[in-house]
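# Structural features, examined
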Amino acid sequence: MNLTILGCGSHAQMCAEIASLKNYDQIQMTNANDKEPGPIFLGMGNMKTRVKLAKMYSKQPSPALVSPAATLTSCRLGEGTLIGHGAVINKDVHIGRHCIVNTGAIIEHECIIGNLCIISPGAVLCGRVVLGERVEIGPGAVIGQGLTLCRDVLIGAGAVVTKDIKKPGKYWGVPARLMIPKKEKK
Ligand SMILES: CC(C)(COP(=O)(O)OP(=O)(O)OC[C@H]1O[C@@H](n2cnc3c(N)ncnc32)[C@H](O)[C@@H]1OP(=O)(O)O)[C@@H](O)C(=O)NCCC(=O)NCCS
């Protein structure tokens, strides 16, 4: 089977490695920003680039790639989603299109994850968490049971989210609060 990985960086190399463990024997990696023939896979970790390329390649097939070292029970995965080494996804979880569930992340029972979400290494989503589209959960962050985070939210590394988040933005700390990074302040 053939697969084109869009991107040539470290994340793309990890995607290619997982694809090679899943019977893809013709894998090419490319920085091309024009349409590639056949199935593609988003191989970059940057949210803005992923959103742009997902739109550009929306009509092309994109398989889900699951590391053989991940543990999944009954869950539904959208096209183009990557499940990294050591991730654990428990029962009745729904994950949208073009998401990343990175190394060692834990997604507990009945979570619903929107399209284009990124769950970084070691993050934990307790049971019945709901994420809107394009939510990024930083490394090691914890999202409490039953919480809902709206679209376009970034949760900083190591944060603990204790309440629903209804407004797009960047949140970090314990407990997590809405913050503005210095480089975005005028
Ligand atoms: C939350 C985040 C976006 C903040 O961005 P940033 O540009 O570093 O933020 P700032 O430089 O404005 O930091 C402001 C202050 O918050 C602190 N801070 C930044 N991120 C923090 C975090 N996750 N937890 C606690 N404090 C944090 C900074 O040290 C700084 O403190 P100071 O004012 O005492 O110096 C970033 O730190 C982060 O956690 N990103 C997660 C995404 C990620 O790591 N992706 C990789 C996936 S493998």
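Residues numbered from 1 in each chain as written. Predicted model: local features only at pLDDT ≥ 70, side-chain atom pairs only at ≥ 80, totals over all residues.

Turning our eyes to something else, we now look at helix H2 (residues 47-56). Taken together, the buried positions of H2 are Arg50, Leu53 and Ala54. One side of H2 holds all its buried residues, which, seen down the axis, span an arc of 105°. Structural note: H2 exposes Lys48 and Lys55 on the side pointing more than 90 degrees away from its buried face. Where H2 is buried, its residues contact strand S1 (2-6) and strand S3 (40-42). (Buried ≥ 20, exposed ≤ 12 C-beta atoms within 10 Å, placed from the backbone. Helix = DSSP H or I, 4+ residues; strand = E, 2+ residues; numbered from the N terminus. Arc of directions from axis to C-beta. Contact = placed C-beta atoms within 7 Å.)

Below, the discussion takes up the environment of Gly169. Examined against the element boundaries, Gly169 turns out to sit in strand S21 (residues 169-172). Judged by the 12 C-beta atoms lying within 10 Å of it, Gly169 falls in the exposed class. Distance from Gly169 to Asp152, taken between C-alpha atoms, is 6.6 Å for residues 17 residues apart in sequence. Among residues more than four places away in sequence, those in contact with Gly169 are Val153 and Leu178.

Strand direction decides the pairing type here: S1 and strand S2 (residues 26-30), joined by 5 bridges, are parallel. When the sheet's bridge partners are listed, Leu3 is paired in S2 with Ile27. On the question of chirality, the crossover connecting S1 to the parallel S2 by way of helix H1 (residues 10-21) is right-handed. (Pairing = 2+ DSSP bridges. Right-handed = clockwise from strand over helix to strand, strands pointing away.)

With that out of the way, let us pick up the domain arrangement of the protein chain. Partitioning the protein chain into domains gives domain 1 (2-56) and domain 2 (65-173). Computed from C-alpha atoms alone, the centre-to-centre distance between domain 1 and domain 2 is 21 Å. With 13 residues of domain 1 in contact, the opposing surface of domain 2 contributes 12 residues. Secondary-structure elements contributing two or more residues to the side of domain 1 that touches domain 2 are H1, S3 and H2. Among the elements that take part in the side of domain 1 that touches domain 2, H1 stands out by supplying 5 residues, more than any other. (Domains from an automatic or database assignment.)

So, on to the environment of Gly156. Mapped onto the secondary structure, Gly156 falls in the loop between strand S19 (153-155) and strand S20 (160-161). Residue class for Gly156 comes out partly exposed when judged on the 18 C-beta atoms lying within 10 Å of it. In this structure Gly156 touches Gly138, Ala141, Lys170, Tyr171 and Trp172, once residues within four positions along its chain are discounted.

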